[in-house]
Structure formats: structure tokens, C-alpha cells
Amino acid sequence: MLPCLFHSVTGLDCPMCGGQRMVLALLHGHVAEAFWLNPFLFVCAPLLALWCWWQGGLSPRAAAVLFCLLVAWGVVRNLHLF
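Residues numbered from 1 in each chain as written. Predicted model: local features only at pLDDT ≥ 70, side-chain atom pairs only at ≥ 80, totals over all residues. Heavy atoms only, no water.

Peer 1: Can you walk me through the packing of helix α4 (residues 39–55) against helix α5 (residues 60–77) in this structure?
Peer 2: For any two helices packed against each other, one specifies the inter-axial angle together with the distance between the axes. Running from N to C, α4 and α5 point in directions that differ by 175°, and their axes come no closer than 12 Å. One element, α4, and the other, α5, form an angle in the roughly antiparallel class. Residue-level inspection shows Pro39, Phe40, Leu48 and Trp51 of α4 in contact with α5, the latter providing Ala62, Leu66, Leu69, Leu70 and Trp73. Of the residues that constitute the contact of α4 with α5, the class distribution is nine nonpolar, no polar and no charged. (Axes fitted to C-alpha atoms, helices over the stretch in contact; angles between N-to-C directions. Helix = DSSP H or I, 4+ residues; strand = E, 2+ residues; numbered from the N terminus. Parallel < 35°, antiparallel > 145°, perpendicular 65-115°, else oblique. Contact = heavy atoms within 4.5 Å. Nonpolar A, V, L, I, M, F, W, Y, C, P; charged D, E, K, R; others polar.)

Structure below.
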């Protein structure tokens, strides 16, 4: 697996940290483990795929909302509240 450059430099988790391990866990059928590796990506990736399929693409406004959600998740996951 490729190391996270953001984590290597800052020591903080980026919004996508755990994404590769999450996909591998899903491929092996470990759904609960996949959820705990990156809950945001676990929930949002299928929803985003459905949204893009339904709307015929990702609008600039939806992309901006997604970016804001990713930034918020990156901040929250580094507060170590859970």
C-alpha cells in the first residue's frame, strides 16, 4: 500500500487516511472493520456514486459541498474525540 504523504509530513490523518485499508477490508468481506477504518468514506462514497449516476455527473456546487465535508471530516478526525 502507498503511504499517505500528508500523514508522513504532518503526523495528522488526512480525510482519506484508511481508504486503501477500507477497500481491502471490504474486498475481504470485513464490513465492520472497513467502517471503522474510515467511516466518512464508507458512507459517502456510495452516496456520491449514486448522486452522480442520478444527476448525470458532479456539479460544481456539489463538488464544493463535498470538499467542505472532506475538510470538516479531516478536522474532526484529528480532534481524537472517538
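Still more to cover.
Peer 1: I'm lost on the confidence of the model for the protein in this one. Help?
Peer 2: Close inspection of predicted coordinates is inappropriate for parts of the model with low pLDDT. Averaged over every residue, the pLDDT of the protein is 88; residues scoring 70 or more account for 98%. Within the protein, the element-level pLDDT minimum falls on helix α1 (residues 5–10), averaging 86, and the maximum on helix α3 (residues 31–37), averaging 94. (pLDDT = per-residue confidence, 0-100.)

Peer 1: Hey, could you run me through helix α2 (residues 19–27) in this one?
Peer 2: For an α-helix, the turn length of 3.6 residues means that residues three or four places apart are oriented alike. Listing the buried residues of α2 in full gives Gly19, Met22 and Ala25. One side of α2 holds all its buried residues, which, seen down the axis, span an arc of 120°. Residues of α2 that are buried sit in contact with α3 and α4. In the stretch just after α2, Gly29 is the one whose phi turns positive, near 85°. (Buried < 20%, exposed > 50% of the residue type's maximum accessible area, 1.4 Å probe, protein only. Arc of directions from axis to C-beta.)

Peer 1: Got a minute to help me understand the side chain of Arg77 in this structure?
Peer 2: Following the sequence through the fold, Arg77 ends up in helix α5. Among the polar contacts listed, one links the side chain of Arg77 to the backbone oxygen of Cys14, at a separation of 2.9 Å. Within the structure, Arg77 has its side chain in polar contact with the backbone oxygen of Cys17 (distance 3.0 Å). What Arg77 contacts, discounting residues up to four positions off in sequence, is Asp13, Cys14, Pro15, Met16, Cys17, Leu37 and Asn38. (Polar contact = N/O pair within 3.5 Å; in protein donor to acceptor, adjacent residues only side chain to side chain.)

Peer 1: Teacher, can you tell me more about a nonpolar patch on the surface here?
Peer 2: On the surface, a nonpolar cluster with roughly 850 Å² of combined accessible area is contributed by Val43, Leu47, Leu50, Trp51, Trp53, Trp54 and Leu58. Here Trp51 falls in the partly exposed class, since its relative accessible area comes to 37%. (Patch = residues over 30% accessible without salt bridge, like charges linked within 9 Å, V, L, I, M, F, W, Y side chains within 5 Å. Areas by Shrake-Rupley, 256 points an atom, 1.4 Å probe, with all protein chains shown as cover. Salt bridge = Lys/Arg side-chain N within 4 Å of Asp/Glu carboxyl O.)

Peer 1: In this structure, what is going on with the environment of Pro46? I would like to understand it.
Peer 2: Considering the arrangement of structural elements, one finds Pro46 in helix α4. What makes Pro46 partly exposed here is its relative accessible area of 43%. Put simply, Pro46 and Leu27 are 19 residues apart on the chain and 15 Å apart in space, counted from C-alpha to C-alpha.

Peer 1: Can you help me understand the packing of aromatic side chains in this one?
Peer 2: The description of an aromatic ring pair rests on the distance of the ring centres and on the angle between the ring planes. In this structure the tally under the stated criterion is four aromatic pairs. For the ring pair Phe35 and Phe42, a centre distance of 5.6 Å and an interplane angle of 90° mean the geometry is edge-to-face. On the basis of relative accessible area, Phe42 is assigned to the partly exposed category, the value being 23%. A ring pair is formed by Phe40 and Trp73, whose centres lie 5.9 Å apart and whose planes are at 15°; its orientation type is stacked. Of this pair, Phe40 sits in helix α4 while Trp73 sits in helix α5, and the two are 33 residues apart along the sequence. Of the two residues, Phe40 and Trp73, both sit in the buried class. Here the aromatic cluster, defined as three or more aromatic residues joined through ring pairs, consists of Phe35, Trp36 and Phe42. (Phe/Tyr/Trp six-rings, centres within 6.5 Å; stacked < 30°, edge-to-face > 60°.)

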